[in-house]
Amino acid sequence: MATVDVRILATEPEILCELRALDKGTKAADADLKFRREVTDHQLRMAIEERTSGYRDLILGLAFSKTGLQGG
Amino acid sequence: MILSLASPFQRPVCRVAKFREAEAFDSSANAAYTMLPWRFTALDGNDRYVATNLVGEHLVLDRETIGKFARQELAPADPAYDELKARHFLIDDDTNVAVDLLALKVRTKLAPLANFTALHIFVVTLRCEHSCPYCQVSRANNDRGEFDMSRETALKSLDLVFRSPSPALKIEFQGGESLLNLPLIKLIVEEAKRRNETARRELAFVVATNLAVLDDEALAFCKAENILVSTSLDGPAELHNANRPRPGRDSHERAVDGIHRARGVLGHYNVGALMTTTSASLNQVKAIIDEYLRLDFGGIFLRPLSPYGFAIKTKSYAAYSRERWLEFYFEGLDYIISLNRQGFDFIEHYAAMVLKKMLTPLQTSYVDLMSPAGIGIAAIVYNYDGTVYASDESRMLAEMGDQTFALGNVHRDSFEDIMLGDALLEPLTQSFAGSVPGCSSCAFEPWCGADPVFHHATQGDPVGKKPLSAFCTRSMALFRGLITRMEADDDVRALFEKWANRA
């Protein structure tokens with residue numbers, strides 16, 4: 001469940017991310033750390049997806065090539 | 001070690017060379033591996049992550065290992081390397097068989113889709129003699145016959161049932177209280193069996209009933225036709241009767257009596273029960289489980305209220321938060337685990353269905369955990385008035401005035417109109433978790449469902465914003481809770497593997 005709302009202000013050359021806690025229990029330092037981790041994790045996810053997309057297509061292609069559903 | 005003999009009269013001079021690192025002797029040490037598709041999601045606050053491959057086989061890894069593997073820096077000597085290789089996260093010079101194996105597993109997981117709709121729900125009446133405040137299917141007073149399904153509607157519905165290519169067809173009778181329209185149930189069973197003499201499907205029937213009006217005639221009929229019985233049992237008498245008021249305030253007494261009588265006639269394992277969690281249940285999970293044990297059920301399905309029907313009208317759905325339900329759920333799950341340690345063979349069905357997706361290459365038939373969603377293509381509902389709904393929840397939504405998932409009418413529309421119409425295909429394609437923002441990058445996606453009806457009901461569109469989704473919160477907490485328990489205790493892992501293979 002979302003605990004932080006993020007407002008992104010893209011003003012060249014900076015991108016400013018403003019974090020707002022959605023509940024009183026969220027500490028600013030924790031939210032900052034969690035957000036930074038989430039960003040780096042997501043960058044890694046994008047890199048993995050880019051590097052593995054060819055194999056993903058190949059595996060799905062192989063899987064669907066033997067279903068017997070082709071040819072109308 | 002190198003020996004150098006300078007002359008026959010000199011003592012040999014020993015010069016010692018250091019051994020090289022072990023990796024130098026491993027022929028695959030410097031061979032680059034190739035990552036296959038995988039995803040990762042944080043497990044807890046201790047830097048542990050869950051990584052899943054394309055078909056949902058998983059590993060728990062620390063953050064450093066996740067980073068090394070993703071950057072192609074993981075050494076073959078690393079203990080995680082062989083585990084990742086065994087679970088088809090990578091291929092290297094030694095073997096690339098993982099590509100074919102993954103394709104085979106993808107095909108196995110998706111194969112049930114080709115069978116199409118197996119569960120056909122007939123709402124034979126909306127009448128009911130109970131007046132449960134949380135009822136997810138709005139009811140009518142039990143003397144109003146206009147809420148009964150007609151013979152013509154039943155026969156038209158059967159036309160559609162037998163258009164499904166599924167080799168197995170299950171017809172489930174629901175209400176209201178389905179047994180208040182026993183004559184129609186008899187007609188449908190007789191006619192379905194007649195048609196099946198040529199259709200040759202694996203045909204099964206289930207009557208969903210509160211058992212309060214169960215009589216010998218109904219029992220004899222169920223026995224003669226091999227019909228299963230599914231009932232509601234919310235817990236001990238006080239809780240059950242508070243949740244399920246009826247004239248005489250004897251719902252629990254009638255349910256328990258009906259369970260015993262039905263078992264006596266139909267056989268012990270042909271009678272099942274489902275419970276619904278209300279705010280009154282939250283502090284009584286152990287008592288609820290004990291009641292199921294007392295009545296000799298082999299398990300329980302700890303399920304939350306759905307945001308439909310009278311549950312919304314009477315504010316029952318909002319009576320507890322998703323976090324409170326999760327506390328209730330895990331307290332119950334841990335209690336069931338402790339019971340199994342004591343020798344009771346007792347299963348929690350929700351966990352078992354999730355574990356089946358996590359630990360086997362097979363899928364569950366539970367509609368909420370299917371992607372593509374199970375609406376229409378796994379289960380379909382024929383309402384008493386002939387309207388066809390994409391799921392039981394779609395019918396509940398319609399009773400609140402929202403006809404979004406009404407697919408057509410048995411008197412007006414053909415099988416093709418209903419199954420190929422935008423009302424079904426659009427939510428199916430839009431909500432497919434593999435391509436939905438927030439789901440497509442989630443490690444839990446192979447285990448999760450799409451549930452477009454829930455997201456439409458709660459957020460107004462079939463996809464929904466996942467960070468705000470109660471379905472997403474509940475599912476992720478469930479996945480994390482199950483993995484954490486397996487990682488912490490090998491006995492729990494063995495128990496969960498047993499459940500996964502029984503679900």
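Refer to the structure above for everything that follows.
Here the structure is a predicted model, which means the values were calculated and not measured. (Residues numbered from 1 in each chain as written. Chains lettered and ligands numbered in written order. Predicted model: local features only at pLDDT ≥ 70, side-chain atom pairs only at ≥ 80, totals over all residues. Heavy atoms only, no water.)

Student: Honestly, unusual backbone geometry in this entry has me stumped. Any pointers?
Tutor: Residue and element names in this part refer to chain B. The amide bond that connects glycine 175 to the next residue, glycine 176, takes the cis arrangement and shows omega of 20°. Relative to the helices and strands, glycine 176 resides in the loop between β9 (168-174) and α5 (182-199). Put simply, serine 371 and proline 372 share a cis peptide bond, and its omega is 0°. With respect to the element layout, proline 372 can be found in the loop between α12 (349-359) and β15 (379-382). Even without being glycine, asparagine 226 reaches a positive phi, approximately 55°. Tracing the sequence through the fold places asparagine 226 in the loop between α6 (216-224) and β11 (228-232). Since its relative accessible area comes to 65%, asparagine 226 is described here as exposed. (Helix = DSSP H or I, 4+ residues; strand = E, 2+ residues; numbered from the N terminus. Buried < 20%, exposed > 50% of the residue type's maximum accessible area, 1.4 Å probe, protein only.)

Student: I'm lost on the sheet that holds strand β6 (residues 58-62) of chain B in this one. Help?
Tutor: Each strand in a sheet pairs with another by means of backbone hydrogen bonds, the pair being arranged parallel or else antiparallel. All names here are of chain B. Strand order in the open sheet formed by three strands is β4-β5-β6, with antiparallel pairing between adjacent strands. Either end of the sheet is taken by a strand with one partner, and the two such strands are β4 (38-42) and β6. Each strand axis lies, on average, 30° off the axis of its neighbour in the sheet, ignoring direction. Bridge count between strand β5 (residues 48-53) and β6: five bridges; the pairing is antiparallel. Bridge pairing in β6 links valine 50 to valine 60. (Pairing = 2+ DSSP bridges. Axes fitted to C-alpha atoms, helices over the stretch in contact; angles between N-to-C directions.)

Student: Could you clarify how one ought to interpret the environment of B:Arg324 in this entry?
Tutor: Residues and elements named next belong to chain B. By secondary structure assignment, the location of arginine 324 is in helix α11 (residues 322-341). A sequence separation of 45 residues divides arginine 324 from serine 279, and the C-alpha atoms of the two residues are 9.3 Å apart. Not counting residues within four places of it along the chain, the set of residues in contact with arginine 324 comprises Leu282 and Asn283. A polar contact is formed between the side chain of arginine 324 and the side chain of asparagine 283, at a distance of 2.9 Å. (Contact = heavy atoms within 4.5 Å. Polar contact = N/O pair within 3.5 Å; in protein donor to acceptor, adjacent residues only side chain to side chain.)

Student: Help me understand the interface of chain B and chain A in this model?
Tutor: Where interface size is quoted, it is often the accessible area lost as the parts come together. Listed as interface residues are 30 residues of chain B and, on the opposing side, 21 residues of chain A. Applying the counting rule to chain B against chain A returns two salt bridges. With a closest N to O distance of 2.5 Å, A:Arg37 and B:Asp47 form a salt bridge. For the pair chain B and chain A, the number of links is eight residue pairs in polar contact (both at pLDDT 80 or more). Among the elements that line the side of chain B that touches chain A, the one with the most residues is helix α3 (residues 98-115) of chain B, at seven residues. Of the residues assigned to the side of chain B that touches chain A, the class counts are 17 nonpolar, eight polar and five charged. (Salt bridge = Lys/Arg side-chain N within 4 Å of Asp/Glu carboxyl O. Nonpolar A, V, L, I, M, F, W, Y, C, P; charged D, E, K, R; others polar.)

Student: Explain a nonpolar patch on the surface to me, please; I cannot follow it from the model alone.
Tutor: All names here are of chain A. A cluster of nonpolar side chains, Val6, Ile8 and Ile15, forms an exposed patch at the surface whose accessible area comes to about 290 Å². As for its placement among the helices and strands, isoleucine 15 is situated in strand β2 (residues 14-21). Assessed through its relative accessible area of 62%, isoleucine 15 is described here as exposed. (Patch = residues over 30% accessible without salt bridge, like charges linked within 9 Å, V, L, I, M, F, W, Y side chains within 5 Å. Areas by Shrake-Rupley, 256 points an atom, 1.4 Å probe, with all protein chains shown as cover.)

Student: Looking at this structure, how should I read the packing of α12(B) against helix α18 (residues 490-502) of chain B?
Tutor: Between two packed helices, the angle of one axis relative to the other and the distance separating the axes together describe the packing. Residue and element names in this part refer to chain B. Contact geometry for α12 and α18: axes closest at 7 Å, N-to-C directions at 95°. In terms of axis orientation, α12 runs roughly perpendicular to α18. Packed against α12, whose contacting residues are Ala351, Ala352, Leu355, Lys356 and Leu359, the element α18 presents Phe496, Glu497, Trp499 and Ala500 at the interface. A breakdown of the residues in the contact of α12 with α18 according to their chemical character gives seven nonpolar, no polar and two charged. (Parallel < 35°, antiparallel > 145°, perpendicular 65-115°, else oblique.)

Student: Help me understand α3(B) in this model?
Tutor: Note on helix geometry: an α-helix contains 3.6 residues per turn, so any two residues three or four positions apart are oriented the same way. Residues and elements named next belong to chain B. With 18 residues, α3 ought to run about 26 Å at 1.5 Å a step, and its terminal C-alpha atoms sit 27 Å apart, in line with that. Along its length, α3 reaches its greatest deviation from straightness, about 35°, at lysine 109, and the proline proline 112 lies no more than four positions downstream. Those residues of α3 not exposed but buried are Ala98, Val99, Leu102, Ala103, Val106, Arg107 and Lys109. Of the residues flanking the end of α3, it is phenylalanine 116, one or two places downstream, whose phi is positive at about 70°. (Expected span 1.5 Å × (residues − 1). Bend = angle between axes of the 7 residues up to and from the residue.)

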